Amino acid sequence: MTDAKVRLKPDTTSETNTASDRIAPSDRSVRLQPDEHRTRLLHEMIRIRRFEEKCAELYSAGKIRGFLHLYIGEEAVAVGSMQALSPQDAIVATYREHGHALARGISMNALMAEMYGKHEGCSRGRGGSMHVFDAKTRFYGGNAIVGGGLPLAVGLALADALQHRPHVTACYFGDGAVAEGEFHESLNLAALWKLPVLFLCENNLYAMGTHIERAQSQTDLKAKAQSYLIAAETVDGMDVMAVEVATRRATERIRRGEGPMFIEFRTYRFRAHSMFDAELYRDKSEVEVWKARDPIATFSATLTSGGQASDVLVSAIEDTVTEEVAEAVAFAEAGTWEPVEDLLHDVYTPAREAHTAPAVEVK
Amino acid sequence: MITTTYREAIRAAIREALTKDARVFLMGEDVGRYGGAYGVSKGLLAEFGPDRIRDTPLSESTFVGAGIGAALGGMRPIVEVMTVNFSLLALDQIVNNAATIRHMSGGQFSIPLVIRMATGAGRQLAAQHAHSLEGWYAHVPGIRVVAPATLDDARGMLWTALEDPDPVLIFEHQTLYNMEGQLANNAQAVDLDRAAVRRPGKDVSLITYGGTLGKTLQAAETLAGEGIDAEVIDLRTLRPLDMPTIAASVKKTRRAVIVDEGWRSGSLSAEISARLVEQHFYDLDAPIARVCSAEVPIPYPKHLEDAAIPQPPAIIAAARETMGRRG
């Protein structure tokens, strides 16, 4: 028990995030035994779940304000897919991005401080729940305009391609974004220019309160990607291993220079759209059906019944996470408010940088 | 000195930027094979190749957003949007992303992006190709808005805009592209901070920018014949406004006429007027006057288009009125 705890304890010793430690899962997993890797996936999903449950509590307590969109139920998508990304890859996410931020390796302390709006937050408190940014892990938001992140992802991938860097830009968005013009424009452009973008559609069936059947003439979303000649597949987003395997396959394909790829993850949000949502648009029975497929409960059961993890180990994970969440809350509580005198900071870059051309010769 | 045009001056600036900095590339609708809707980028595809002169599909929101992403990824993109009316399709990316990401990220990411677009009326292009919406963009914190009205600025603003770590929008008035004149052989980058006094005078300040600078200078010459010595201020940068230069002029002349091709309601001219009243009320000897576009979508027929936008007679009449003269 003690040993497990020591081994499982995430690095929360310093505020500089633990990117190098955490965001090389694909490298690390090579060294890890399969059981160890799976246990870590479980751990990552539980971290997200418990973090967000605490956030909901803190919202009710008035510590977190604004809009708060919980990812609970969808954790397998962020955790599984992040395994396939290297530290140099870029991430573009949505306003429901706490899970992606944690799975990417942004420290829970910095994320919780951001939820509070404290200066120690990963966006220095200026963004809040919907605008998580982190330069060290190449995490480019936190975009709260549905579909607005897709063109950014295309541009990030274009920059990598023009600079001959073998990176992938992973772009997360929901089924709602598929109805936006920017989705279609971005898929077209990425395919046309064969850019290394991995389009990751988290289809949780609802664009806020509008069911996909009420918003899409074609509900088979991969067909839309295929119409742009983008390789596409649909994957069970409640199965973390299936998510990881599919994402690895996709990133390998993209790194071979075969252009963008699209994966639709079928998933479900267990909680309301935001904290203001009375959920008038769906039956509780539907939610219960999906909860029976809870990605954490099912994966945990698979691991324990298969002998790859014990109940003791799972409870050790829970203990570790409880501790990490408590530390994050303490860190956020102890954080500082940015002085009002700094209100106008970061609207423009302070000093115009000298525009030094790089050593690259122009052809 | 060389004889050149506004169009050629911009092309020379783009060519220089592409030559000097490997991170610079040009992207937009028909910038490559077609040579640009206004012919600005003609010949650049052959010279720099398709990686750096990139024709895009007609998808303003995505190619502007891709410019933002590429800037985040270390490039220095120049994005051309055909006209300001089309830029409304990219308003989401410009206002919600380009202008906010530095702020929302707590200063972690800057967006060194340049967006060029044509603006303004005067070529009978009717109500979806001829508006002057730069004042809207000047409303938004997080971006810089400039309007080159001279050959020197057409040649020199681009490099400075590319040096800026934040997004810069360059508004090129579509009646200026054929403007011919003299430019120094060694024309250099110019600042993007200060307004310029294009004609010194002591009786009234005529404050303008972009496509109406020529008309305003013309009006000033007519006024000079009547014994009214007008000073003409070219704003050059619409955001941030160079209020010290404007204020120094108004303190001297004690009268101001603002000439703005945008509509009067909620316009840049309204902002300048308000700031002068707020800060320099006691320096004024007459009410501030404004010459703006009529509150109508720009009409197609020439006589109506001419009537809809600022013209020298209206500028002259407004200046006379601030001098207490009629007729």
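Along each chain, residues carry numbers from 1 onward, in the same order as the chain's sequence is written. Ligands are numbered from 1 and chains lettered from A, in the order in which they are written. Reporting of local features is limited, given that this is a predicted model, to residues whose pLDDT is at least 70; pairs of side-chain atoms are given and counted only at 80 or more, and all residues count toward the totals for whole chains, interfaces and linings.

## So, the overall build of chain A
Next, step 1: A run of H or I in DSSP counts as a helix once it spans at least four residues, and a run of E counts as a strand once it spans at least two, with each numbered from the N terminus. Helix and strand counts for chain A come out as 14 helices and nine strands.
Next, step 2: Classification of the 363 residues of chain A by burial places 50% in the buried group. Note on burial: count the other C-beta atoms lying within 10 Å of the residue's C-beta; 20 or more is buried, 12 or fewer is exposed, in between is partly exposed, and C-beta positions come from the backbone.

## Some remarks on the overall build of chain B
Next, step 1: Within chain B one finds 13 helices and 14 strands.
Next, step 2: Along the three orthogonal principal directions, the C-alpha set of chain B runs to about 60 × 45 × 40 Å.
Next, step 3: When the 327 residues of chain B are sorted by exposure, 57% land in the buried category.
Next, step 4: For the purpose of contact definition, each residue receives a C-beta atom placed from its backbone, and two residues are in contact when these atoms lie within 7 Å. Pairs at least 24 apart in sequence give 79% of the contacts found in chain B among residues at least 6 apart.

## Brief notes about the nonpolar core
Next, step 1: In terms of nonpolar packing, the biggest core is built from 194 residues, with Cys171 of chain A together with Leu158, Leu206, Val257 and Ala319 of chain B touching the most fellow members.
Next, step 2: Looking at this core element by element, the count peaks at ten residues for helix 8 (residues 149–162) of chain A.
Next, step 3: Residue-level mapping places this core at the junction of two domains, with at least three residues from each of domain 1 (2–183) and domain 2 (196–322) of chain B.
Next, step 4: Not counting residues up to four positions away in its chain, the partners in contact with cysteine 171 of chain A are Val92, Gly149, Leu150, Ala153, Val197, Leu198, Phe199 and Leu200 of chain A.
Next, step 5: To define a nonpolar core, we join buried Ala, Val, Leu, Ile, Met, Phe, Trp, Tyr and Cys residues through C-beta atoms within 7 Å and take the resulting set. Within the second largest apolar cluster, five residues are counted, among which are Ala121, Ala130, Ala308 and Ile309 of chain B. For every domain, the bounds stem from an assignment made automatically or drawn from a database.

## Considerations on the environment of isoleucine 94 of chain B
Residues and elements named next belong to chain B.
Next, step 1: Checked against the element boundaries, isoleucine 94 lands in helix 5 (residues 91–98).
Next, step 2: Sequence separation of isoleucine 94 and isoleucine 288 is 194 residues, and the distance between their C-alpha atoms is 33 Å.
Next, step 3: Other than its neighbours up to four places away in sequence, isoleucine 94 contacts Val64 and Ala99.

## Overview of the sheet that holds strand 4 (residues 76–83) of chain B
Residue and element names in this part refer to chain B.
Next, step 1: By definition, two strands form a pair when at least two bridges between them are found by DSSP. A sheet is described by the order of its strands in space; here seven strands give the open sequence 3-2-4-5-7-6-12, paired in mixed fashion. Each edge of the open sheet is held by one strand with a lone partner, namely strand 3 (53–55) and strand 12 (237–239). Taking each pair of neighbouring strands and ignoring which way they run, the sheet shows an average axis angle of 20 degrees.
Next, step 2: As defined by bridge partners, strand 6 (residues 144–146) adjoins strand 7 (residues 168–173) across three bridges and the pair is classed as parallel. Counted as the bridge partner of valine 145 is leucine 169 from strand 7. Lines are fitted to the C-alpha atoms to define the axes, a helix being fitted only along its stretch in contact, and any angle between axes, read from their N-to-C directions, falls within 0 to 180 degrees.

## Quick look at the interface of chain B and chain A
Next, step 1: Counting from both sides, the interface comprises 41 residues of chain B and, opposite them, 43 residues of chain A.
Next, step 2: If you list the elements that add at least two residues to the side of chain B that touches chain A, you get helix 1 (6–20), helix 3 (60–72), helix 5, helix 6 (101–104) and helix 8 (151–163) of chain B.
Next, step 3: Here the side of chain B that touches chain A is composed, by residue class, of 13 nonpolar, 19 polar and nine charged. Ten residue types, Ala, Val, Leu, Ile, Met, Phe, Trp, Tyr, Cys and Pro, are classed as nonpolar, four, Asp, Glu, Lys and Arg, as charged, and the remainder, Gly among them, as polar.

## Observations concerning the domain arrangement of chain B
All names here are of chain B.
Next, step 1: Here chain B is described as being made up of domain 1 (2–183) and domain 2 (196–322).
Next, step 2: The gap between the C-alpha centroids of domain 1 and domain 2 is 26 Å.
Next, step 3: For the side of domain 1 that touches domain 2, the secondary structure elements donating two or more residues are helix 7 (134–137), strand 6 and strand 7.
Next, step 4: Residues belonging to the side of domain 1 that touches domain 2 are distributed by class as follows: twelve nonpolar, eight polar and three charged.

## Comments concerning the sheet that holds strand 9 (residues 261–266) of chain A
All names here are of chain A.
Next, step 1: Taken in spatial order, the seven strands line up as 2-3-1-4-5-9-8 in an open sheet, and their pairing is mixed. Each edge of the open sheet carries a strand with a single partner, namely strand 2 (133–134) and strand 8 (231–236).
Next, step 2: Across three bridges, strand 1 (residues 90–94) lies against strand 3 (residues 139–143) in parallel orientation. Bridged to threonine 94 within strand 3 is asparagine 143.

## Focus on the packing of helix 5 (residues 75–82) of chain A against helix 11 (residues 240–255) of chain A
Residue and element names in this part refer to chain A.
Next, step 1: Close contact between helix 5 and helix 11 brings their axes to 7 Å; oriented N to C, the two are set at 40 degrees. Considering their axes alone, helix 5 and helix 11 lie oblique with respect to each other. Here helix 5 runs over helix 11; the crossing is right-handed. Every residue of helix 11 that contacts helix 5 at Ala76, Val77, Val79, Gly80 and Ser81 is listed here: Val240, Met241, Val243, Glu244 and Thr247.
Next, step 2: Here the residues of the contact of helix 5 with helix 11 are counted per class, giving six nonpolar, three polar and one charged. Oblique is the label for any angle not covered by the other classes, which are roughly parallel (under 35 degrees), roughly antiparallel (over 145) and roughly perpendicular (65 to 115). Helix crossings fall into two classes, left-handed where the near helix is turned counterclockwise from the far one by less than a right angle and right-handed where it is turned clockwise.

## Overview of unusual backbone geometry
Next, step 1: Here the residue pair glycine 141 of chain A and glycine 142 of chain A is connected by a cis peptide bond, since its omega of 20 degrees sits within 30 degrees of zero.
Next, step 2: As for its placement among the helices and strands, glycine 142 of chain A is situated in strand 3.
Next, step 3: Omega for the peptide link from arginine 239 of chain B to proline 240 of chain B comes to 0 degrees, which places this bond in the cis form.
Next, step 4: The topology assignment puts proline 240 of chain B in the loop between strand 12 and helix 10 (243–253).
Next, step 5: Positive phi, normally seen in glycine, also occurs at aspartate 30 of chain B, with a value near 60 degrees.
Next, step 6: Within the secondary structure layout, aspartate 30 of chain B lies in the loop between strand 2 (24–28) and helix 2 (44–48).
Next, step 7: Even without a glycine there, the phi angle at arginine 236 of chain B is positive, about 65 degrees.
Next, step 8: Along the chain, arginine 236 of chain B falls in the loop between strand 11 (230–234) and strand 12.

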